[in-house]
Amino acid sequence: MAASLRRVAFFLTRFNACQLPKQLLSGSAIVFTNANDSEAAAAADVTYQEAPIPIPKERPNEPSEQKKARLVYQSRKRGMLENDLLLSTFAAKYLDTFNTEQMGMYDRLINIPSNDWDIYKWATGKVEAPSEFQNEVLSLLKEHTRNPRNESRLKQPDLHPKKADD
């Protein structure tokens, strides 16, 4: 274990994060060698694996308004602009109309997949979603993604839309 930590520390001191090979970032096996350094040669055959994604915690007693607020926030802050725009406009349009079961489906759809690109590909129809996500909410999201009315979605909707009397 100590030897592994020394190798990782050595690696981090010798390589700039900007120079990390794509294979390392993707979790593939990779080999590092440096003919001038015996420690680098000893650490040459190391396999790097992706850290497991934490499973979202269940919130069985979460009040409906709190759940809606959480889902609105999570729809807006995905870390990927395409999904930020897609899911925030979807949540603004449909979330207030969802019943408890549909909110649960949406919660699982946006929180269980470990990769936002999966959600995007399912919504655009590029890849078939797994059966556990095949439901009415995903169907609505696919329809929303098709954008049959050619609505402008260049920015996220306001969090608190102004009322007519404001």
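Quick look at the structure, then.

The rules behind each value
Residues numbered from 1 in each chain as written. Predicted model: local features only at pLDDT ≥ 70, side-chain atom pairs only at ≥ 80, totals over all residues. Heavy atoms only, no water. Salt bridge = Lys/Arg side-chain N within 4 Å of Asp/Glu carboxyl O. Buried < 20%, exposed > 50% of the residue type's maximum accessible area, 1.4 Å probe, protein only. Helix = DSSP H or I, 4+ residues; strand = E, 2+ residues; numbered from the N terminus. Contact = heavy atoms within 4.5 Å. Expected span 1.5 Å × (residues − 1). Arc of directions from axis to C-beta.

Let us look at the pattern of salt bridges. Any two side chains of opposite charge can pair if their charged atoms end up close together. Following the criterion strictly, the structure yields eight salt bridges and no others. Of the charged contacts in the structure, one is a salt bridge between Glu62 and Arg70, with a shortest N-O distance of 2.9 Å. We note that Glu62, like Arg70, is buried. In this structure, Arg78 and Asp116 form a salt bridge, with 2.8 Å as the shortest nitrogen-oxygen distance. Residue Arg78 is found in the loop between α4 (64–76) and α5 (81–94), and its partner Asp116 is found in helix α7 (residues 116–124); the two are separated by 38 residues along the sequence. The pair formed by Arg78 and Asp116 is uniform in burial state, with each residue classed as buried.

Unlike most non-glycine residues, Asn147 shows phi in positive territory, near 55°. Mapped onto the secondary structure, Asn147 falls in the segment after α8 (136–146). Positive phi is not limited to glycine here, since Asn150 has a value of about 50°. In this fold, Asn150 is placed in the segment after α8. Note on Asn150: relative accessible area 68%, which makes it exposed.

All right, on to the environment of Leu85 then. Mapped onto the secondary structure, Leu85 falls in helix α5. On the basis of relative accessible area, Leu85 is assigned to the buried category, the value being 17%. For the pair formed by Leu85 and Pro157, sequence separation is 72 residues and the distance between their alpha carbons is 8.6 Å. Residues in contact with Leu85, not counting those within four places in the same chain, are Arg153, Leu154, Lys155 and Gln156.

A few words on α4. Spanning 13 residues, α4 covers 18 Å between terminal C-alpha atoms, matching the ideal 18 Å at 1.5 Å per step. Three or more residues of α4 are buried, namely Lys67, Lys68, Arg70, Leu71, Gln74, Ser75 and Arg76. Packed against the buried residues of α4 are α5 and α6 (100–111).

Let us now look at α8. Because an α-helix packs 3.6 residues into every turn, residues spaced three or four apart end up facing the same way. For α8, every residue scored as buried is listed here: Val137, Leu138, Leu141, Lys142 and His144. Projection of α8 onto a plane perpendicular to its axis shows the buried side chains occupying an angular sector of 160°, all on one side. Contact partners of the buried residues in α8: α5, α6 and α7.

Position of Thr89 among the secondary structure elements: in helix α5. Those residues within four positions of Thr89 in sequence are excluded, and the remaining contacts are His144, Arg153, Lys155 and Pro157.

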